[in-house]
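Structural characterization, general
In case you want the letters, here they are:
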Amino acid sequence: SCSASVLQAQRFFEQENSKLRERYHAEYSAAYTYNTNVTEENRRAMIVVYAESASQNKLLAQAVRAGDYAKSADANIRRQARMLQDLGADALDPSDYLELKNAISSMQSNYATTSVCSYTNRTDCSLTLEPHIQERLANSRDPAELAWYWREWYDKAGTPMRGNFEKYVRLTRKAAHLNDYRSYADYWVHFYEDADFERQLDATYKALLPFYRQIHGYVRYRLRQHYGPEVVPAEGNIPMHLLGNMWAQSWNDVIDLFTPYPEKPFVDVKLEMERQEYSVRKLFELGDQFFQSLGMRALPASFWNLSVLERPTDREVVCHASAWDFYQDSDVRIKMCTELNTHYLYVVHHELGHIQYYLQYEQQPAVFRGAPNPGFHEAVGDVIALSAMSAKHLKSLNLTRSGRLDEKSRINELFKQALSKIVFLPFGYTMDKYRYAVFRGELDESQWNCAFWQMRSEFGGLEPPLTRSNSDFDPPAKYHIDADVEYLRYFAAHIFQFQFHRALCRLAGQYAPGDSQQTLDNCDIFGSKKAGQAFKTFLSAGNSKHWKIVLEEFTGETEMDPAALLEYFDPLYQWLKQENSRLGVPLGWGNTNKIPS
Ligand SMILES: C=C(C[SeH])C(=O)N1CCC[C@H]1C(=O)O
Ligand SMILES: [Zn+2]
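Please read all numbers here as calculations on a predicted model, not as lab measurements.

Re the coordination of the zinc ion (ligand 2)
The textbook angles at a metal center are 109.5 degrees for a tetrahedron of four donors and 90 or 180 degrees for an octahedron of six. Coordination of the zinc ion (ligand 2) by the protein is provided by His350 (NE2), His354 (NE2) and Glu378 (OE), with metal-donor distances spanning 1.9 to 2.1 Å. Positions of the donor residues of the zinc ion (ligand 2) along the chain correspond to the pattern H-x3-H-x23-E. Linking histidine 350 with histidine 354, this pair stays in helix α13 (residues 342-360), spanning 4 residues, or about one helical turn. We classify histidine 354 as buried; its relative accessible area is 7%.

What about helix α16 (residues 407-421)?
In an α-helix, one turn spans 3.6 residues; hence positions three or four apart end up facing the same way. Taking 1.5 Å of rise per residue, 15 residues should cover 21 Å, and α16 covers 20 Å from first to last C-alpha, within 8% of that figure. Of the positions making up α16, those classed as buried are Ser409, Arg410, Ile411, Asn412, Leu414, Phe415, Ala418, Leu419, Ser420 and Lys421. Of the surrounding elements, those touching the buried residues of α16 are α9 (197-227), α13, α14 (374-388), α17 (424-439), α20 (488-507) and α23 (563-583). For α16, the N-terminal capping position is held by aspartate 406, with its side-chain oxygen 3.0 Å away from the main-chain nitrogen of lysine 408.

Description of the state of the cysteines
Evaluation of the coordinates by the stated rule reveals 3 disulfides. The residue that forms a disulfide with cysteine 117 is cysteine 125, at a sulfur-sulfur distance of 2.0 Å. The chirality of the disulfide connecting cysteine 117 with cysteine 125 is right-handed, given an S-S dihedral of about 100°. Take cysteine 117: its relative accessible area is 12%, and that puts it in the buried class.

As for the environment of threonine 338
Relative to the helices and strands, threonine 338 is located in the loop between β5 (332-335) and α13. Given a relative accessible area of 4%, threonine 338 falls into the buried group. For the pair threonine 338 and valine 280, spaced 58 residues apart in sequence, the C-alpha to C-alpha distance is 6.7 Å. Within the structure, the side chain of threonine 338 is placed 2.6 Å from the backbone oxygen of leucine 309, a separation counted as a polar contact.

Here's the deal with α17
Taking 1.5 Å of rise per residue, 16 residues should cover 22 Å, and α17 covers 23 Å from first to last C-alpha, within 8% of that figure. For α17, a buried count of 16 out of 16 residues is recorded, marking the element as mostly surrounded by other parts of the structure. One or two positions beyond α17, positive phi appears at glycine 441, with a value near 70°.

Section: the pairing of β5
Where burial is concerned, the two faces of β5 agree: the one with Val332 and Ile334 and the one with Arg333 and Lys335 are both buried. Taken together, the 4 bridges between strand β4 (residues 322-325) and β5 define a ladder with antiparallel strand orientation. Across the sheet, the residue bridging to alanine 323 is isoleucine 334, located in β5. Linking β4 back to β5 in an antiparallel pair, the connection comprises 6 residues, with tyrosine 327 at a positive phi of about 55°.

Some thoughts on the site of ligand 1
Taken together, 13 residues form the shell around ligand 1, and within it His320, Glu351, Lys478, His480 and Tyr487 come nearest. At 3.1 Å from an oxygen atom of ligand 1 is found a side-chain nitrogen or oxygen belonging to glutamine 249. Within the shell around ligand 1, the residues separate by chemical class into 5 nonpolar, 5 polar and 3 charged.

Thresholds, definitions, all that
- Residues numbered from 1 in each chain as written.
- Chains lettered and ligands numbered in written order.
- Predicted model: local features only at pLDDT ≥ 70, side-chain atom pairs only at ≥ 80, totals over all residues.
- Heavy atoms only, no water.
- Donors = N, O, S within 2.8 Å, 3.2 Å for Na, K, Ca; no water.
- Helix = DSSP H or I, 4+ residues; strand = E, 2+ residues; numbered from the N terminus.
- Buried < 20%, exposed > 50% of the residue type's maximum accessible area, 1.4 Å probe, protein only.
- Expected span 1.5 Å × (residues − 1).
- Contact = heavy atoms within 4.5 Å.
- Polar contact = N/O pair within 3.5 Å; in protein donor to acceptor, adjacent residues only side chain to side chain.
- Disulfide = S-S within 2.5 Å.
- Pairing = 2+ DSSP bridges.
- Near = heavy atom within 4 Å.
- Nonpolar A, V, L, I, M, F, W, Y, C, P; charged D, E, K, R; others polar.

The following block contains the structure:
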């Protein structure tokens, strides 16, 4: 509609989006300076810029409300108005705002700078999570050493942050109420623009639980064979320190302990990369070439000049991988402490997915430069990785010998994928079910730590290697809990990525329903301009339209639906059911005894 008032509104939002873009540029520049050089001075300077931006955002929200733009005749204006009135923490008064940002950034600094003492040399206390502790958790097969690093990390990265976390819960609750949300949990959930989304989250977890129980039972059985009955129970919770990851959110780093067909060994991509003298930069170039092969954007020169792709030796950085949009001149960057191995080959693709999304929607007004569903942003890179890390694609890079897998190798490969994609789901589910309960005041503060471990046992059948009590406080040992990063986005991404993968594989002529020669786990969309075009259309919309509209245009679906994921893994699921019943593997678990009952 072109009525005068709509034209006036469009001019107003054009001006305001231009100023908002400049504020985003200033915020992310200050945050990047802090994240790539963790000092008190940089932390404080970042908060000053955030506070200035918050006060401007508050004025904008008041102007939007005063202009009654949420009732505009134009749907685009209405959407922008609704989003710009949504202030989050910016609604706090300046002193509360500063206290909240100080609490969050102090937890982040602690996480980034925590080091622990070596198991083999107790006087050396310089070991950092990346790369040292992660390397020990992935490669040590000594339960005592694994328990040492588990305890060192949780005691130093978790418990000391309890005070900051209490402030964080109090002040985010206050902010949620200022925005008329019942809790900060409800504020987080509202970004999914679907009143039914929490119920769908629960339904999706329940739909995948039978498959997870088959994997959990098989892994517990094989771990017990390897470590013995004193270490691994027959029917109880799996001790999480044995699973190759500090939070047991993916178990594929210890797959050698339970490969279904050990006579069909995996090609160790890490060894091949070393043999072929891969550099860190080469990993990013591979990812860049993949996106370009789809007709998507190349990484700009500024990416290569301004990113931090390896841990610097002269300063502290936040190593946890992140992708950055500076909202100006296609200035997009990644900050991560890359190592040459399969885990980081995945993370590189994951982060490049964020970068591609930034580049695809950069023409949108600032308010729409984001994903319409937080799960979409976390799924983009993972979709590319499903092709890029497939046996077929790795063969084309001469990183594996066999491109076409025989049945046993196929089960091995599907099992390795399931140890990150399926195993992740109860973890992701728990990260936010726990925080929802905390934010909604459903847990007595005196029970916060035991409730955390009770939920990890209930939803995932895992437990700590040693007893924990309410005088410990373990949740901040996970980055996202320190950094105020909502986690349902990753759970949703693990479902959406298979829906996207199926659509792209079909467009690339790599998948046909029911065709055993063109299955989802043997699809590589590399070079498909048709798939790339559909992906570009989906990504370039940014947050300008509801996620169900852009999803339907892309895949024909209008819901988060695990059917594509279950189709991808079906051969493994059938194999596990047969193998577990053949071996008499008990399924399921009881309550953990690692917390006081
Ligand atoms: C790589 C990132 C940065 Se957005 C990350 O946090 N991820 C990627 C998958 C799960 C989650 C995690 O590490 O917990
Ligand atoms: Zn991500």
